[in-house]
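Observations on the model geometry
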Amino acid sequence: MPQALTVRRLTRSYGSRKAVDALDLEVLEGDVYGFLGPNGAGKTTAMRCILGLIRRDEGEVTLLGDTDPVRQRRGVAAIIETPAFHDWMTARQNLMQAGWYGGLSGSSLDRAIARVLERVGLVDRADERTRGYSLGMRQRLAIARCLLGEPRMLFLDEPTNGLDPAGMKDMRDLVRSLAMHDGITVLVSSHLLAEVQAICNRVGIIDRGRMRAEGTVADLLKSADQPLYRVRCASAVALAEALPAESFTVESTDGDVLLVRTALPAEDLNRRAFELGFALSMLAPVERNLEDVFLEVLA
Amino acid sequence: MTLLVLAEQVKLFRRTPARLGLGLAVMLGALMPIVLVALLQAGTVIFGVEAAQHFASEPTRPMIWALRARNFFVMHAVLIVLGAQTLAGEIGDRTLREALLAPVPRYQVLLAKLVALLTWDAVGLVLMFVVSGVLGIGAFGLDGIWVSVALAYVLTLVADTALAGITLLVAVATRSVVATLGGLLVALILDMVAGWAMFVVSTGAVVRDPWVVEIASQHPVLLNSVLGLGNSVLPGYAFDTRTLGSAGVLAAGSLLGALLLLRRADIP
Ligand SMILES: Nc1ncnc2c1ncn2[C@@H]1O[C@H](COP(=O)(O)OP(=O)(O)O)[C@@H](O)[C@H]1O
Ligand SMILES: [Mg+2]
């Protein structure tokens, strides 16, 4: 797959503090790339630099195969932090403004506006001023604005921030459908790990302005360590002592629950416990999630 | 670029101050002929002389009054507010950021905003010219000093170009509507004081009230003279080419400054 976005050694300081510090980033076409990092990690600053909104101290950005800072924004749309609208105008009038800026006009702009309003479910409310819009509606209108020019790549900066659970789900579904159905490459920043795990195929973890780990979700979830199992047993302490240490490592005991690490399959652990005279009421693999990876990387 | 201009024009003409300003232009244009007719009909005596002897009854007379009223900081104030809103306001409320995400260079965005401001200014002038002219012709016939008056209206647009440029420069430098309005106010007052000081120095006349806006006493290259550029070709004033040159220099310089500042500015 060709690259949609390549960032090399991107650096931006505020005073003596490096908000983005020699950041490398690579997004392939068709990716839903999760740009993951704690608050203040530099995600928003990096996106602003990539999109040419703020000056960068150093670094190169190739976007959709182009290095020219103006031309490379063709085919790109973005929502940075909270989207802004002319709140004294209606949603439709705001979309007209964006359409003209994007080079659309006349009946093709009218058609595009109808299409995007339909897509985000705002047809009924399009002729209201955006001043009265809720946060969720503003977020959807912002997506509509992004889709006007049929972009090939979309930058979304914490798009579910501040939304209620239903709004978050709608937004996730929308992002997934934009990637799957419309084939748009997406870079989505977030500090919500479950969200990234749910919609992204590739992830970069950024902290203090630097890329700390990058790869497919599957890669990152893969561990060098042996699998871990959660075992419940009435006499947990006795079981922990009875299990042969050469094949099983008991990581911790908490009441009647043990965490056991082993290279052997789960069936062997179960059989062995049974042979030793213990009955297990539960035996479950502990799945690594991005949160574990995240915490390991940041440690 | 054409579409950018269209976008900025549509947006500007939707703003409340823009509509109020155009309404004001029409009102002044309609008011002045009515006032002149009323003065003449009532045989009003001004400074011991009948109005009919004071004012030639020609259609261009109320057109001049309307222009002078407009140029007495009225439309300048509206232009400054609009310039501040369209640039400083949009930096502040982040809508400029959304605009700059489009694949357009920043200088084009700035130029589109300037063209929109000047379009509004020109529409106001045309409305005023037409309304006062038509009513004036209705009342006094066709005889008048048409060339001077038309030139005065055109030069007013030139002068306002300089003011628009300065407003955009201050707007991008301060990024705040309030600071832009304040900055322009301070600049105009300092300019007035400077004009007064230069007058005092050059004539040796000591007692002179600096708060009287006496455009004739302003140094011709200063901003207050530039704002009166349109007036200066009318009877009773003296046109000075230095004022026209100053308008050009101020317009070009401020615009260049604004372009350079905006090019480097962080618009987060
Ligand atoms: N305009 C600014 N002035 C000074 N510091 C800033 C500015 N914007 C961001 N920062 C700092 O840069 C760092 C990264 O911020 P940001 O990119 O917003 O992080 P994130 O989006 O990952 O939460 C933070 O430490 C933040 O305080
Ligand atoms: Mg952020």
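Rules of the game
- Residue positions are given per chain, counted from 1 along the sequence in the order it is written.
- Numbering of ligands from 1 and lettering of chains from A proceed in the order in which they are written.
- Given that the model is predicted, a residue must reach a pLDDT of at least 70 before its local features are reported, and side-chain atom pairs must reach 80 or more before they are shown or counted; all residues, however, enter totals for whole chains, interfaces and linings.
- Excluding hydrogens and water, the side-chain figures rest on all heavy atoms present in the structure.
- Per the convention used, a helix needs a DSSP run of H or I reaching at least four residues, while a strand needs a run of E reaching at least two, with both numbered from the N terminus.
- Our radius of gyration looks at C-alpha atoms and nothing else; its globule reference is 2.2 Å times the residue count to the power 0.38.
- Burial status follows relative accessibility: with a 1.4 Å probe on protein chains alone, a residue under 20% of its type maximum counts as buried, one over 50% as exposed, and anything between as partly exposed.
- The contact criterion used throughout is that any non-hydrogen atoms of two residues lie within 4.5 Å.
- Accessible surface is estimated by sampling points in the Shrake-Rupley manner with a 1.4 Å probe; for residues, cover comes only from the protein chains shown.
- The sign given to each residue is positive for Lys and Arg and negative for Asp and Glu; His and the chain ends receive no count.
- To locate a charge, the coordinates of NZ of Lys, CZ of Arg, CG of Asp or CD of Glu are taken.
- Polar contacts here mean pairs of N or O atoms no more than 3.5 Å apart (in protein, one a potential hydrogen donor and the other a potential acceptor; neighbouring residues in sequence count only if both atoms are side-chain atoms).
- Note on terminology: a nonpolar core comprises buried Ala, Val, Leu, Ile, Met, Phe, Trp, Tyr and Cys residues joined through side-chain atoms within 4.5 Å.
- Strands qualify as paired when DSSP identifies two bridges or more between them.
- For the handedness criterion, the strands are oriented away from the viewer, and a crossover whose path from the first strand over the helix to the second runs clockwise is classed as right-handed.

Here we look at the overall build of chain A
Secondary structure summary: chain A contains 10 helices and 13 strands in total. What you see for chain A is a C-alpha radius of gyration of 24 Å, clearly larger than the 19 Å of a compact globule of 299 residues, by over 25%. If you line up chain A on its principal axes, its C-alpha atoms span 80 × 45 × 35 Å. Counting across all 299 residues of chain A, residues that qualify as buried make up 47%. In chain A, the proportion of contacts linking residues at least 24 apart, taken out of those at least 6 apart, comes to 69%. Total accessible area on chain A stands at roughly 14,000 Å², and carbon and sulfur atoms take up 48% of it. Positive and negative side-chain charges of chain A, numbering 37 and 41 respectively, have mean locations separated by a distance of 7 Å.

Here's the deal with the environment of A:Asp157
All names here are of chain A. By secondary structure assignment, the location of Asp-157 is in strand 6 (residues 153-157). When the C-alpha atoms of Asp-157 and Pro-83 are compared, they prove to be 9.8 Å apart, with 74 residues separating the residues in sequence. Residues within four places of Asp-157 in sequence aside, it is in contact with Thr-44, Met-47, Ile-79, Ile-80, Glu-81 and Ser-189. Within the structure, the side chain of Asp-157 is placed 3.2 Å from the backbone nitrogen of Glu-81, a separation counted as a polar contact.

Digging into the nonpolar core
Residues and elements named next belong to chain A. Of all hydrophobic cores here, the largest spans 147 residues; its most connected members are Leu-5, Phe-35, Met-153, Phe-155 and Leu-187. Setting aside residues no more than four positions away along its own chain, Leu-187 makes contact with Leu-5, Leu-25, Val-27, Tyr-33, Phe-35, Met-47, Met-153, Leu-154, Phe-155 and Leu-156. Residues Phe-248, Leu-258, Leu-269 and Phe-278 belong to the second largest nonpolar core, which totals 12 residues.

What to know about the pairing of strand 7 (residues 185-190) of chain A
Each regular strand displays side chains that alternate between the two surfaces of the sheet. Residues and elements named next belong to chain A. A large share of strand 7 lies buried, amounting to 6 of its 6 residues. Side chains of strand 7 alternate between two faces, with Thr-185, Leu-187 and Ser-189 and Val-186, Val-188 and Ser-190 buried alike. Pairing analysis gives 5 bridges linking strand 3 (residues 32-36) to strand 7, with the strands arranged parallel. Following the sheet pairing, Leu-36 is matched in strand 7 by Ser-190. Judged from the 5 bridges that link them, strand 6 and strand 7 form a sheet pairing that is parallel. From the neighbouring strand, Leu-154 faces strand 7, where its bridge partner is Val-186. Once the chain exits strand 6 it traverses helix 5 (residues 165-180) before rejoining the sheet at strand 7, and the crossover so formed is right-handed.

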